[in-house]
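Commentary on secondary and tertiary structure
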Amino acid sequence: TLNPTLNPTSLAPTFKPTTLHPTLNPTSLAPTLKPTTLHPTLSPTEEEVTDYSILPYPYPRTRYTQWTELGSDVKTSARNLGYNRNLWDNLELMELEVFSYDDLTAEEIPNVLAL
């Protein structure tokens with residue numbers, strides 16, 4: 001199976017499903033649930049930030065730029081921090097990204113600031 005049970009209650013096989021194909025005559029054509037909003041929300045109390053000027057720090061545009069679109073000076077700073085194309089283009093793979101500024105070494109700080 002694709003999702004095996006971690007702690008099965010029995011070693012006996014399960015019953016074969018009775019319907020292998022979708023039914024041709026549904027019991028109702030009406031939707032089962034009505035949508036509560038027109039647009040999905042991030043959470044009940046949180047709205048998406050679209051005005052980045054209200055944030056305490058500037059939006060990290062460089063960090064969200066693909067590796068192939070970075071300038072050579074930015075790539076050099078990123079390489080000095082241990083990044084390569086794969087680590088840069090896939091967010092949160094680098095351990096460095098969870099550090100606070102105070103955790104950075106003296107060698108890492110200038111490269112981080114260059115980004």
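Here the structure is shown first, and the text comes after it.
Structure report, in brief. All figures in this text were calculated on a predicted structure; none of them were measured in a lab. (Residues numbered from 1 in each chain as written. Predicted model: local features only at pLDDT ≥ 70, side-chain atom pairs only at ≥ 80, totals over all residues. Heavy atoms only, no water.)

Quick notes on the overall build of the protein
Scanning the protein from N- to C-terminus turns up three helices and zero strands. Burial status across the protein gives 15% buried among its 115 residues. In the protein, of all internal contacts separated by at least 6 residues, the share reaching a separation of at least 24 is 35%. In the structure as shown, the protein presents an accessible area of about 10800 Å², 57% of it carried by carbon and sulfur atoms. (Helix = DSSP H or I, 4+ residues; strand = E, 2+ residues; numbered from the N terminus. Buried < 20%, exposed > 50% of the residue type's maximum accessible area, 1.4 Å probe, protein only. Contact = heavy atoms within 4.5 Å. Areas by Shrake-Rupley, 256 points an atom, 1.4 Å probe, with all protein chains shown as cover.)

A look at the layout of surface pockets
Any empty space left between the atoms is revealed when a probe the size of a water molecule rolls over them. Empty space within the largest pocket amounts to approximately 870 Å³. As for the largest pocket, its lining consists of 25 residues, of which Pro60, Arg63, Glu97, Val112 and Leu115 are closest to the centre. Taken together, the residues that form the lining of the largest pocket break down as 19 nonpolar, two polar and four charged. (1 Å grid on protein atoms, 1.4 Å probe; cavity = no way out; pocket = protein on both sides within 12 Å on 5 of 7 lines; lining within 4 Å. Points joined across faces, edges and corners; volume = space filled by probe spheres on them. Nonpolar A, V, L, I, M, F, W, Y, C, P; charged D, E, K, R; others polar.)

Geometry only, nothing functional implied.
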